[in-house]
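Coordinate inspection notes
Residue strings, one per chain:
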Amino acid sequence: HQLAESKKNIQNDCYMNNVEGYERVQNAHSIATEELLRRATKEEYGKYTISLPIVPSNNSNALWIPLLLDSCPPTIISVSSSVSFREARIFVRRRIIVDVSMIYATRAQITWFANGEQVCANDSCYTPTLSDVGKTLTVVITPLGTNHDGRGCEEAYQFQRPVEAFPSFANMSIV
């Protein structure tokens, strides 16, 4: 949607938009940029990067801003967990489930880490083990699309409390 607006601005006046602290300058590459945007097919989005020049008002050297053509990338809308990321006490042998809602994605790759070390891959569930005690769990979610590997769309969530051993109670055992 922002891409369409940018294309519209380029088509209307072939100038860069005013940005505070920057002069409005004619973009010699506007016609080529507009042509690239006009001709790009769905399969090409996400494969090409274009650069647009912006000239600061206090300097004659242009800054080149790279823009990746990526229409409708796989996007995470919401993430929920069977336990709170902020407040839950996380215990050994008590499964944690993460649920992900996405758009423009066919599936999510979910990877679990304990203190930065991968402990589980491609699973929406993880059950902490005794070796996780004292470690902080992080889950990295990568939404994957039909023609998109998810790079640049990943999100990471970290549980605030470290994994704990399940408390022992006299005459009781965990089954």
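These notes cover the structure that comes with them.

Parameters at a glance
- Residues numbered from 1 in each chain as written.
- Predicted model: local features only at pLDDT ≥ 70, side-chain atom pairs only at ≥ 80, totals over all residues.
- Heavy atoms only, no water.
- Pairing = 2+ DSSP bridges.
- Helix = DSSP H or I, 4+ residues; strand = E, 2+ residues; numbered from the N terminus.
- Core = buried A, V, L, I, M, F, W, Y, C linked by side-chain atoms within 4.5 Å.
- Buried < 20%, exposed > 50% of the residue type's maximum accessible area, 1.4 Å probe, protein only.
- Contact = heavy atoms within 4.5 Å.

As defined by bridge partners, strand β3 (residues 75–81) adjoins strand β5 (residues 96–103) across 6 bridges and the pair is classed as antiparallel. Each residue of the ladder has a partner; that of Ile76, found in β5, is Met102. Pairing of β5 with strand β8 (residues 125–126), which is carried by 2 bridges, proceeds in the antiparallel orientation. Bridged to Ile97 within β8 is Cys125.

Take the nonpolar core next. Residues Val98, Trp112, Leu137, Val139, Ile141 and Phe159 are the most contacted members of the largest nonpolar core, which totals 18 residues. Within the residue set of this core, elements represented by two or more residues are β3, β5, β6 (107–114) and β9 (137–144). If near-sequence neighbours (up to four positions away) are discounted, Leu137 is found in contact with Ile90, Ile96, Phe113, Ala114, Tyr126, Pro128, Tyr157, Gln158, Phe159 and Val163.

It is worth spelling out the sheet that holds β5 at this point. The 3 strands lie next to each other as β3-β5-β8, forming an open sheet whose pairing is antiparallel. Edge positions in the sheet fall to β3 and β8, since each of these pairs with one other strand and no more.

Spatial relationships are all this shows, so hold off on functional conclusions.
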